[in-house]
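The primary structure of each chain is shown beneath.
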Amino acid sequence: MTDLTGSRAKLKWADNQITILGAQITAFMAQNVYEVRTPPNSKMRRATLYRNNVTVPDDIKTATGMIVQAQRDSLDHLVVALARRKNAAVRETIPAFPICDSGALFADRANLRKIADLSDIDRAAIVALKPYKGGNNLLYALHWLSNKSKHRDLITATQHGVGAAFTTIGSNGYVRKLTLNRAEGPDGTPMAVVKMEADPQIRFELSHAVSFREIPEAGSRPVIEMLRGFSKIAGEIIDGFDI
């Protein structure tokens, strides 16, 4: 039985922190971060979303980066455990879980040396995961964010850092047009405009979420959604080697 305690401990810590982070983000988003203005119109109702002068707290940014690092590290811990499964004496150049910018880079001999200490079966299993951009984009997003978190914030309070979903509630109303402005801009810049043909009594509701900056091949998605996806795929990979 391979000792995968280190990998699982990393993910367990990450999952616990995701729960805490989710509560912090919920509290932050309840601070009137965004304002919806819906001036009356006899034929059309126009709802405009504005961002108020509120920034994402540093503890949310820091916690997000630390969680991503732990999730990425869990896969490196896995490869070390697999190397020890084959040979208890792991060489000084510590093995690592390779994730690359392309399939060609992944297949490079220098890159594959990271898993050279693994058995043929374990090495083939990692290759089959296609851990590179265009092969397994969720793994690539985890790797990309892990690298970026060492040098800059992963999330932002500017327009392109927020995802918005619009719903109308009423007897005969519906959304006619939605325009989402994701360009950078100062506080008070309109972020989205929704035009609706609707009953005058219709109620307009907006939901929004703190999101990662745009990730190659993954777009811009809510932080908690992405983090849970990373834990899920990392956990499935680790479980697949638990023999």
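About the criteria used
Residues numbered from 1 in each chain as written. Predicted model: local features only at pLDDT ≥ 70, side-chain atom pairs only at ≥ 80, totals over all residues. Heavy atoms only, no water. Helix = DSSP H or I, 4+ residues; strand = E, 2+ residues; numbered from the N terminus. Buried < 20%, exposed > 50% of the residue type's maximum accessible area, 1.4 Å probe, protein only. Contact = heavy atoms within 4.5 Å. Areas by Shrake-Rupley, 256 points an atom, 1.4 Å probe, with all protein chains shown as cover. Salt bridge = Lys/Arg side-chain N within 4 Å of Asp/Glu carboxyl O. Phe/Tyr/Trp six-rings, centres within 6.5 Å; stacked < 30°, edge-to-face > 60°. Polar contact = N/O pair within 3.5 Å; in protein donor to acceptor, adjacent residues only side chain to side chain. Axes fitted to C-alpha atoms, helices over the stretch in contact; angles between N-to-C directions. Parallel < 35°, antiparallel > 145°, perpendicular 65-115°, else oblique. Left-handed = near helix turned anticlockwise from the far one by under 90°. Nonpolar A, V, L, I, M, F, W, Y, C, P; charged D, E, K, R; others polar. Core = buried A, V, L, I, M, F, W, Y, C linked by side-chain atoms within 4.5 Å.

Engineer: I'd like a description of the overall build of the protein chain, backed by residues and values.
Structural biologist: On a plain count of helices and strands, the protein chain comes out with seven helices and six strands. Counting from the amino terminus, helix and strand elements in the protein chain follow one another as α-β-β-α-α-α-α-α-β-β-β-β-α. Taken across its 243 residues, the protein chain has 40% of its residues classed as buried. The long-range fraction of contacts in the protein chain, counting pairs at least 24 apart against all pairs at least 6 apart in sequence, stands at 71%. With the model as given, the accessible surface of the protein chain reaches about 12,600 Å², and the carbon-plus-sulfur share is 51%.

Engineer: Tell me about the pattern of salt bridges, residues and numbers included.
Structural biologist: A complete count under the given rule lists seven salt bridges for this structure. The shortest N-O distance in the salt bridge between aspartate 122 and arginine 85 comes to 2.8 Å. Here the residue aspartate 122 occupies a position in helix α5 (residues 120-128), and arginine 85 occupies one in helix α2 (residues 58-86), the gap between them amounting to 37 residues. A salt bridge links lysine 232 to glutamate 236, with the shortest nitrogen-to-oxygen separation between them at 2.6 Å.

Engineer: Run through the packing of aromatic side chains, naming residues and quoting values.
Structural biologist: Within the structure shown, the criterion is met by one aromatic pair. Between phenylalanine 106 and tyrosine 132, the ring centres sit 5.6 Å apart and the planes meet at 40°, which makes this aromatic pair tilted. One end of the pair, phenylalanine 106, is in helix α3 (residues 103-107); the other, tyrosine 132, is in the loop between α5 and α6 (137-149), with 26 residues separating them in the sequence. We note that phenylalanine 106, like tyrosine 132, is buried.

Engineer: An account of unusual backbone geometry is needed here, citing residue identities and associated values.
Structural biologist: If you check the backbone angles, lysine 130 has positive phi at about 55° while not being a glycine. Considering the arrangement of structural elements, one finds lysine 130 in the loop between α5 and α6. Taking the relative accessible area as the measure of exposure, lysine 130 reaches 45% and is therefore partly exposed.

Engineer: I'd love a proper account of the side chain of serine 7, names of residues and values included.
Structural biologist: Counting through the fold element by element, serine 7 comes out in helix α1 (residues 5-29). Residue serine 7 is classed as buried on the basis of its relative accessible area, which comes to 1%. Of note is the side chain of serine 7, whose polar atom sits 2.9 Å from the backbone nitrogen of leucine 78. Discounting residues that sit within four places of it in the chain, serine 7 has contacts with Ser74, His77, Leu78 and Ile238.

Engineer: Let's hear about the side chain of serine 146: which residues, and what values?
Structural biologist: Here serine 146 shows up in helix α6. Not counting residues within four places of it along the chain, the set of residues in contact with serine 146 comprises Val68, Gln69 and Arg72.

Engineer: Explain the packing of α2 against α6 to me, using residue names and the numbers behind them.
Structural biologist: As a packed pair, α2 and α6 sit with axes 9 Å apart at the nearest point and diverge in direction by 125°. In terms of axis orientation, α2 runs oblique to α6. α2 and α6 meet at a crossing whose hand is left-handed. Residues Gly65, Val68, Gln69, Gln71, Arg72 and Leu75 of α2 touch α6, and the partners they reach there are Leu139, Leu142, His143, Leu145, Ser146 and Ser149. Its residues assigned to classes, the contact of α2 with α6 comprises five nonpolar, six polar and one charged.

Engineer: I'd like a description of the nonpolar core, backed by residues and values.
Structural biologist: Formed by 43 residues in total, the largest nonpolar core has its most connected members in Leu21, Leu75, Phe97, Ile126, Phe212, Leu227 and Ile237. When contributions to this core are tallied by element, the ones reaching two or more residues are α1, α2, α6 and α7 (223-240). Take this core: its biggest share by element is 11 residues, from α2. Residues contacting leucine 21, with those up to four places away along its chain left out, are Ile60, Ala63, Thr64, Ile67, Val223, Ile224 and Leu227.

Engineer: Account for the environment of leucine 129, naming residues and giving values.
Structural biologist: Take leucine 129: it is sitting in the loop between α5 and α6. Through-space distance from the C-alpha of leucine 129 to that of isoleucine 237 is 8.7 Å; in sequence the pair is 108 residues apart. When sequence neighbours within four positions are dropped, the list of residues in contact with leucine 129 reads Phe97, Asn136 and Ile237.

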